[in-house]
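A structural walkthrough
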Amino acid sequence: MREELTEKQARLLAYLEKEIGQNGKVPSLRAMGEAFGVSYSAIRQLLEELEKKAYIRREGRYSRIIHLLNPLGEVSGVERGREIPIVGEIAAGLPLYAQQEWGGTVVVDRELYRYPNLFALRIKGHSMKDAAILHGDLVICTPRQYAENGEIVAALVRNEEATVKRFFRHDDHIELRPENPAFSPQRYSFDDVLIQGKVVGVQRGPDGVAGV
């Protein structure tokens, strides 16, 4: 059984749980110090005490990475958030996941999304509604430069427009197929379509920029 916390330790732990739960990341030592009106060294000492009592685990250089622990010593469920970038304006010629200008970030469940280097695209339009991808949603993508037939992908068309469609490769063309009978399949030459990623999930979100 873990030792009880002092009032200061309990306050810091509650602060960490709130920040990580809401933002998906650990605040800096400076931010913690400012929030509590104490010095950098005082925060470091409190963290050391929390670690000794098995409420947190620190790792990385200068112990900047902090994991919250449950009573069994496992990483707490509140820490399951993972922050990934949302693609904003599309830069022609660059992979979507290599953009220098992002349109913000979104926190996703790291247990559900274990792929490395994930990125999100904001959706605009209704052509994928039968695949439960709606106007204003965020699609979560894992970077890929290839696709299997039938997969839903993020693609850059003619080096200009990002789109989300179901992919099919034919002998003489690429088909990007919508999931809405009100829209027709789109045919492109092989040179017109650059696969950027495979869609691995959807989150409801504000209006966005990826056409569907």
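To keep things clear, this report deals only with the structure shown in the data block. (Residues numbered from 1 in each chain as written. Predicted model: local features only at pLDDT ≥ 70, side-chain atom pairs only at ≥ 80, totals over all residues. Heavy atoms only, no water.)

1. Some remarks on the packing of aromatic side chains
On inspection of all chains with the given rule, the structure shows 1 aromatic pair. Ring centres 5.3 Å apart and planes at 85° place the aromatic pair Tyr15 and Phe36 in the edge-to-face group. Here the residue Tyr15 occupies a position in helix 1 (residues 7–23), and Phe36 occupies one in helix 2 (residues 29–36), the gap between them amounting to 21 residues. The class of Tyr15 is buried, set by a relative accessible area of 17%. (Phe/Tyr/Trp six-rings, centres within 6.5 Å; stacked < 30°, edge-to-face > 60°. Helix = DSSP H or I, 4+ residues; strand = E, 2+ residues; numbered from the N terminus. Buried < 20%, exposed > 50% of the residue type's maximum accessible area, 1.4 Å probe, protein only.)

2. Concerning the side chain of Lys53
For Lys53, the position within the fold is in the loop between helix 3 (40–52) and strand 1 (56–59). Comment: no salt bridge for buried Lys53; closest opposite-charge side chain is Glu3, at 4.4 Å. Among the polar contacts listed, one links the side chain of Lys53 to the side chain of Gln9, at a separation of 2.9 Å. Sequence-distant contacts of Lys53, that is, excluding residues within four places in its chain, are made with Arg2, Glu3, Glu4, Leu5, Thr6 and Gln9. (Lys, Arg positive; Asp, Glu negative; His and termini not counted. Salt bridge = Lys/Arg side-chain N within 4 Å of Asp/Glu carboxyl O. Polar contact = N/O pair within 3.5 Å; in protein donor to acceptor, adjacent residues only side chain to side chain. Contact = heavy atoms within 4.5 Å.)

3. Concerning the environment of His126
Examined against the element boundaries, His126 turns out to sit in the loop between strand 5 (119–124) and strand 6 (138–143). Taking relative accessible area as the criterion, His126 reaches 48% and is therefore assigned partly exposed. Once the C-alpha coordinates of His126 and Gly136 are considered, the two residues, 10 residues apart in sequence, prove to be 9.4 Å apart.

4. Describing unusual backbone geometry
One non-glycine residue, Asn117, lies in positive phi territory at about 55°. Relative to the assigned elements, Asn117 resides in the loop between strand 4 (102–109) and strand 5. A positive phi angle, near 60°, is found at Asn159, a position not held by glycine.

5. Points about the pattern of salt bridges
Any two side chains of opposite charge can pair if their charged atoms end up close together. Counted by the stated rule, this structure contains 8 salt bridges. Measuring nitrogen to oxygen at the nearest pair gives 2.9 Å for the salt bridge that ties Arg58 to Glu51. With its nearest N and O atoms 3.5 Å apart, the salt bridge here joins Arg158 to Asp192. Within this pair, whereas Arg158 is found in the loop between strand 7 (152–157) and strand 8 (161–169), its partner Asp192 is found in the loop between strand 10 (186–188) and strand 11 (193–203), the two being separated by 34 residues in sequence. The exposure class assigned to Arg158 is partly exposed, which follows from its relative accessible area of 48%. Where salt bridges share partners, they join Arg144, Glu151 and Lys198 into one cluster.

6. Describing the packing of helix 1 against helix 3
With their axes 10 Å apart at the nearest point, helix 1 and helix 3 run at an angle of 90° to one another. Considering their axes alone, helix 1 and helix 3 lie roughly perpendicular with respect to each other. Along the contact surface, helix 1 presents Lys8, Gln9, Leu12, Leu13 and Leu16, while helix 3 presents Ile43, Leu46, Leu47, Glu49 and Leu50. When the residues that make up the contact of helix 1 with helix 3 are grouped by side-chain class, the tally is 7 nonpolar, 1 polar and 2 charged. (Axes fitted to C-alpha atoms, helices over the stretch in contact; angles between N-to-C directions. Parallel < 35°, antiparallel > 145°, perpendicular 65-115°, else oblique. Nonpolar A, V, L, I, M, F, W, Y, C, P; charged D, E, K, R; others polar.)

7. Thoughts on the packing of helix 2 against helix 3
Viewed as axis vectors pointing N to C, helix 2 and helix 3 meet at an angle of 100°, and their least axial separation amounts to 9 Å. Classed by the angle they form, the pair helix 2 and helix 3 counts as roughly perpendicular. Facing helix 2, whose interface residues are Leu29, Met32 and Gly33, helix 3 presents Tyr40, Ile43, Arg44 and Leu47. In terms of residue class, the contact of helix 2 with helix 3 is built from 5 nonpolar, 1 polar and 1 charged.

As far as function goes, none of this settles anything; it's purely spatial.
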